[in-house]
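# Observations on the three-dimensional arrangement
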Amino acid sequence: MRPAVDALQEAQRLRDNGHFAAAVVFAVSCTELLLKAAILTPVVHGLVHIESLADVVVENTLSGPGYIRYAKLLARLFTEFVGIDIHSLQRPESTAKLLAECDAQRGLRNRIVHAGASATEEQARAGVAISTAVFNLIVNPMLHQLGLTVEDAGQIQPRAG
């Protein structure tokens, strides 16, 4: 999970220094890393009971970029492990659903990267807030249910106790 933490910190620095489009790019990268690398990859790996096949199954199942194509799998895993419909989650300061906000930010990131679009300070702030909410509302509860926690250095470890 260290790359996700690094991307979020970079997004915050870029936002604070007025580089709003770059901040959005890094914030969306953080969100994608959190959902795919910190949740989907280890959970799918753990579901395969033959260790020698686990890496191959994960690689072939989750080989594409981003997380959108795996949204149904993510939603089902979240419901199974956490007992909450992931589509109902929203940040306290927003009326929009969290995954819809993630998708909107992903669209903005794609316009920035592929069409040279710009971003406002508010969009950069939202990007960082959305990535932080993904960690707090999705990643943390999922890891907790799996008996795991995130250490300060961004390492996922077994939870004490």
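Scroll up to find the structure.
These lines cover the structure that appears in this document, whether it is placed above or below.

The rules behind the values
- Residues numbered from 1 in each chain as written.
- Predicted model: local features only at pLDDT ≥ 70, side-chain atom pairs only at ≥ 80, totals over all residues.
- Heavy atoms only, no water.
- Helix = DSSP H or I, 4+ residues; strand = E, 2+ residues; numbered from the N terminus.
- Expected span 1.5 Å × (residues − 1).
- Buried < 20%, exposed > 50% of the residue type's maximum accessible area, 1.4 Å probe, protein only.
- Arc of directions from axis to C-beta.
- Contact = heavy atoms within 4.5 Å.
- Patch = residues over 30% accessible without salt bridge, like charges linked within 9 Å, V, L, I, M, F, W, Y side chains within 5 Å.
- Areas by Shrake-Rupley, 256 points an atom, 1.4 Å probe, with all protein chains shown as cover.
- Salt bridge = Lys/Arg side-chain N within 4 Å of Asp/Glu carboxyl O.
- Core = buried A, V, L, I, M, F, W, Y, C linked by side-chain atoms within 4.5 Å.
- Disulfide = S-S within 2.5 Å.

Taking 1.5 Å of rise per residue, the 12 residues of helix α4 (residues 71–82) would be expected to cover 16 Å, and the 16 Å separating its terminal C-alpha atoms lies within 8% of that figure. Within the sequence span of α4, burial applies to Leu74, Ala75, Leu77, Phe78 and Val82. Viewed end-on, α4 has its buried residues packed into an arc of 165°, placing them on one side of the element. More than 90 degrees from the buried face of α4, the exposed residues found are Lys72, Arg76 and Glu80. Buried residues along α4 sit in contact with α2 (20–47) and α6 (121–145). Once α4 finishes, glycine 83 follows within two positions and takes phi at roughly 80°, a positive value.

A cluster of nonpolar side chains, contributed by Ile50, Leu53 and Val57, occupies part of the molecular surface with about 240 Å² of accessible area. Considering the arrangement of structural elements, one finds leucine 53 in helix α3 (residues 51–61). Of the residues examined, leucine 53 reaches a relative accessible area of 42% and is grouped as partly exposed.

One finds Leu34, Phe78, Ile86, Leu98, Val134, Ile138 and Val139 to be the most contacted residues of the largest nonpolar core, which totals 33 residues. Contributing elements (two or more residues each) for this core: α1 (2–16), α2, α4, α5 (98–115) and α6. It is α6 that contributes the most residues to this core, 9 residues altogether. Setting aside residues no more than four positions away along its own chain, leucine 34 makes contact with Met1, Ala4, Ile39, Ser131, Val134, Phe135 and Val139. In this structure, Leu14, Ala23, Val28 and Leu108 belong to the second largest nonpolar core, which totals 8 residues.

Once that is clear, we can look at the state of the cysteines. Scanning the model with the defined rule gives 0 disulfides in all. No disulfide involves cysteine 30; its nearest neighbouring cysteine sulfur is the one of cysteine 102, lying 9.9 Å away. Taking the relative accessible area as the measure of exposure, cysteine 102 reaches 3% and is therefore buried.

Residue position: alanine 21 is located in helix α2. Separated by 88 residues in the primary sequence, alanine 21 and arginine 109 place their C-alpha atoms 7.8 Å from one another. Among residues more than four places away in sequence, those in contact with alanine 21 are Ile112, Ala117, Ser118 and Ala119.

Tallied over the entire structure, the rule returns 9 salt bridges. Across the pair arginine 13 and glutamate 10 runs a salt bridge whose closest N-O atoms are separated by 2.7 Å. Taken together, the positions of arginine 13 and glutamate 10, both in helix α1 and 3 residues apart, correspond to about one turn of that helix. On the basis of relative accessible area, arginine 13 is assigned to the partly exposed category, the value being 44%. Among the ionic pairs, arginine 15 bridges to aspartate 16, the shortest N-O distance being 2.9 Å. Take arginine 15: its relative accessible area is 16%, and that puts it in the buried class. Within this structure, Arg91, Glu93 and Glu101 form a network of salt bridges that share partners.

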